[in-house]
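Per-entry structural report
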Amino acid sequence: MAVQIQPIKGMNDVLPAEIGAWQYFEACTRELLAGYGYEEIRVPLLEHTELFKRAIGEHTDVVGKEMYTFVDRGGDSLTLRPEATAGIVRALISNGLLRGQRHKLWCLGPMFRHEAPQAGRYRQFWQVDVEAVGCPGPDVDGELIALGTRLWQRLGITGLKLEINSLGTAESRREYRARLVEYFTAHESQLDADSRRRLGGNPLRILDSKNPQLQELIRGAPLLTEHLDSDSRAHFEALCASLRAVGIPYEINPRLVRGLDYYNRTVFEWITASTGAQNAVCSGGRYDGLIAQLGGDATPAVGFAMGVERLVALLVAAGRTPAAAHPDVYVVVSGTQAAAQALALVERLRNERPQLRFELNAGGGNFKAQFRRADKSGAPVALILGDDELARGVVAMKPLRASTGQTECPIAQLAAGVDAALAAAGQAGRS
Ligand code: HAM
C-alpha cells in the first residue's frame, strides 16, 4: 500500500460537519461589516518578504521566527502573509487609492505563521481583518470597538473581556523603550533566555512574557501610560469616554503592547478565559505611521483582526451553530426505465422549485438500501421513481418522518405534489 501523505502540522481541514459554524460566523460578520459601511478587499497570499519586514518589524517574533519565506523561481524572496494589514496597505498604495481618501475595508482569509501548534494556535489560521484608513480621531477607534462588541452579541458569544491601552507616539514609545531597557538591564540576571534576547531588539515584548517567574519583575517595570505625550493622552481619554458613553465595559491594561511594531496610540484586545493560553480572539490598534513608512502618503489608520478558529470554537461551545442542512426530498429510483428518466425528471423539478434541495439516489442499490440512505439524509419526503409508476404516469411520495402513508402524484403536477407532501410532512418548502 502506498504511504499516506500527512497533513502539514498546524494546518487544518475544515470538514463539512464543521463548516456550518464557519459559514454562520462569516455571514453574521459580513452583514454587520456592511452595516457599518465596510467593503471587502482581497489581497494576495504572497507578498515580497521586504513588505512584512518593514511593516511588522525585524525584531518581532513574527518576522524573526515565524514567517514562511522562500525564494521563488524568479529569485525573489516571497513570504506567505502572516497577517493582512501590511498587504492591504500595500494594495492601497499600489493602486493609488490614498491621496487623502478614506477607506473602510475588511478581508477574510488564511494567514501563515510558523508557531508551535496547540489548541487555538495554528500555522495556517483564518482572520477577518478590518481596517479604517484615513481617520485620525479616536471616534473611529471607538466605532471599531463598538462593531466588535456588537458582533459578539449577535453571535451569542459571552465572557469576552476588552483590554485597551495607548502606546503613545513613536517618540514617547522610544523614550519608554529606553526606560524599560534600563530597568530590565538592571535586573538582567532574573530574565529568561527569551526575554534576554528581546532586551536588545524588542524590550516591550518582555511585558508580554507568560513565564510565571518573571511576573513580579514585570509588575515592577515602568508603565507606558506614565510616558504618554499629551496628545496621545487626550486621544486615549476621548476613546475611554466614548466607550463609557456607549456602555462598553473595558479594562485598561498598561502592559498591553502587541506583537507587531507598527502600532501607536490605541491598542486593544478581546480575550477569553476559555481557550487557555491562546486567549486573544480579536486584536488590533492604530498604525498612523505605517502607510508613510511603506512609501504612501502619510495617512492615519486603525484596525483589528479576529481569529476565526478561536471564535468558531467559542460559537460551538456556546451551542450557537446552526442545524446541519439536509435535503428536502430524497429521490429513490427503481428499475431501468426509471433510472434512465430520473436525472431529467429531477432536473425539471430543480427548475420548477429552485429553493428546494433534492438528493437523487446515486450509486444504485436495492429498495431497502436506498431507503436507508433516504432516512439517513434527514429528508422529510422521499419520491419513488419506479418503472411501474412511471408507466402509469405517476410518481410515488412517502413521508419519511411521519406515519402517514404513501401517495401518488401525476408526473405533470409533480412540483405541486412535492409542495403538498412537504407541507403535510410539517416542513413547507423554504422560500
Ligand atoms: P494579531 O494579534 O497578530 O494581529 O492577530 C489577530 C488575531 O489573530 C489574534 O487575536 C488571534 O485571535 C488570531 N491569531 C493570531 N495568531 C494565531 C495563530 N497562530 N493561530 C490562530 N489564531 C491566531 C494582527 O494580525 C493585526 N494585523 C491586527 C490588526 C489589523 N491591527 C490593525 N489592523
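Residues numbered from 1 in each chain as written. Predicted model: local features only at pLDDT ≥ 70, side-chain atom pairs only at ≥ 80, totals over all residues. Heavy atoms only, no water.

This paragraph deals with the overall build of the protein. Regarding its fold elements, the protein presents 15 helices and 16 strands. For the protein, the C-alpha radius of gyration of 28 Å lies well beyond 22 Å, the compact-globule estimate for 431 residues. When its C-alpha atoms are laid out on the principal axes, the protein stretches across 95 × 60 × 45 Å. Within the span of the protein, comprising 431 residues, buried residues form 51% of the whole. (Helix = DSSP H or I, 4+ residues; strand = E, 2+ residues; numbered from the N terminus. Rg over C-alpha atoms; globule rule 2.2 N^0.38 Å. Buried < 20%, exposed > 50% of the residue type's maximum accessible area, 1.4 Å probe, protein only.)

You will see that Arg258, though not glycine, has its phi angle at about 70°, which is positive. Its place among the elements puts Arg258 in the loop between strand 8 (251-252) and strand 9 (264-272). Owing to a relative accessible area of 13%, Arg258 belongs among the buried residues under this scheme. Notably, Arg265 is not glycine yet its phi reads approximately 45°, a positive angle. As for its position among the elements, Arg265 is in strand 9.

Attention now goes to the sheet that holds strand 7 (residues 160-166). Judged by pairing direction, the sheet is mixed, and its eight strands sit side by side in the order 1-5-6-11-10-9-7-8 without closing on themselves. At either end of the open sheet lies a strand with only one pairing partner, and these are strand 1 (39-40) and strand 8. Inspection of the sheet shows strand 10 (residues 280-286) paired to strand 11 (residues 301-307) by five bridges, in the antiparallel sense. What sits directly across from Arg286, in strand 11, is Val302. Sheet strands touched by helix 1 (residues 16-35): strand 1, strand 5 (103-112), strand 6 (124-133) and strand 11. Its angle to strand 6, the strand with the most contacts, is close to 5°. (Pairing = 2+ DSSP bridges. Contact = heavy atoms within 4.5 Å. Axes fitted to C-alpha atoms, helices over the stretch in contact; angles between N-to-C directions.)

Looking at the protein, the domain boundaries give domain 1 (16-168 + 228-317) and domain 2 (329-425). Computed from C-alpha coordinates alone, the two centres of domain 1 and domain 2 are separated by 49 Å. (Domains from an automatic or database assignment.)

Among the secondary structure elements, Arg205 is positioned in the loop between helix 7 (193-201) and helix 8 (215-219). Residue class for Arg205 comes out buried when judged on its relative accessible area of 17%. In this structure, Arg205 is in contact with Asp61, Arg198, Val257, Arg258 and Gly259, ignoring residues within four places of it in sequence.

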